[in-house]
Amino acid sequence: MKTKIKPTLYMSLLQFRNWNLYIAATSKGLVFVGSQNKPNEELFEWAKKRLPGSPLVKDDEKLEPYAVEIIQYLEGKRKTFSVPFDYIGTPFQLAVWQALCDIPYGQTKSYSDIADTINKPAAVRAVGAAIGANPVLITVPCHRVIGKNGTLTGYRGGLEMKTQLLDLEKRASSSKV
């Protein structure tokens with residue numbers, strides 16, 4: 001019987017101004033960006049569920065390229081990410097997360113827009129669940145999804161974090177950077 005080798009999960013605490021985010025990556029790429037100022041239990045719970053048995057190793061140096069790009073984003077200097085990702089999800093979730101990555105910086109879409117984008121117009125609730133399961137906040141911009149009537153809706157990082165990210169993008173989009 002062949003045993004599957006568990007990937008090592010490297011983690012770090014990104015600290016920038018009022019942002020404290022736990023981030024994690026495998027050797028293939030970024031797998032997790034935590035909620036603002038939440039304890040590391042959020043990461044541990046996700047890892048236990050998605051990569052059970054994988055060793056968790058603190059490695060600030062290995063996570064530095066990811067931290068640099070996230071900080072550049074938080075400074076309003078980066079609109080897209082070039083670091084590699086190692087998405088861990090179902091094919092449906094992956095399709096939804098890819099659709100999120102296609103939402104232009106500083107713009108928003110509704111859940112039904114995303115459902116239409118992935119050619120599953122009746123799957124609005126499933127789209128919402130897939131967005132809620134997005135493990136890489138900020139970099140896979142689920143904060144850009146709002147209610148059909150324009151209201152802010154749920155966000156794993158909390159509505160305050162969602163508002164901060166949308167405001168940051170609005171400011172950076174309107175300034176001549």
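Refer to the preceding data block for the structure.
Residues numbered from 1 in each chain as written. Predicted model: local features only at pLDDT ≥ 70, side-chain atom pairs only at ≥ 80, totals over all residues. Heavy atoms only, no water.

K.L.:
How would you summarise the side chain of S35 if you had to cite specific residues and measurements?
P.N.:
Following the sequence through the fold, S35 ends up in the loop between β3 (30–33) and α1 (41–50). A polar contact of 2.6 Å, which involves the side chain of S35, links it to the side chain of E42. Apart from the residues lying within four places of it in its own chain, the contact partners of S35 are N20, L21, E42, L137, R156, G157 and M161. (Helix = DSSP H or I, 4+ residues; strand = E, 2+ residues; numbered from the N terminus. Polar contact = N/O pair within 3.5 Å; in protein donor to acceptor, adjacent residues only side chain to side chain. Contact = heavy atoms within 4.5 Å.)

K.L.:
Give me the lowdown on unusual backbone geometry, citing residues and values where you can.
P.N.:
Look at N37: it is not a glycine, yet its phi comes out positive at around 60°. Among the structural elements, N37 can be located in the loop between β3 and α1. Here the phi dihedral of N119 falls at roughly 60°; this positive angle occurs in a residue that is not glycine. When you line up the elements, N119 lands in the loop between α4 (111–117) and α5 (124–132). Overall, N119 belongs to the exposed group, its relative accessible area being 67%. (Buried < 20%, exposed > 50% of the residue type's maximum accessible area, 1.4 Å probe, protein only.)

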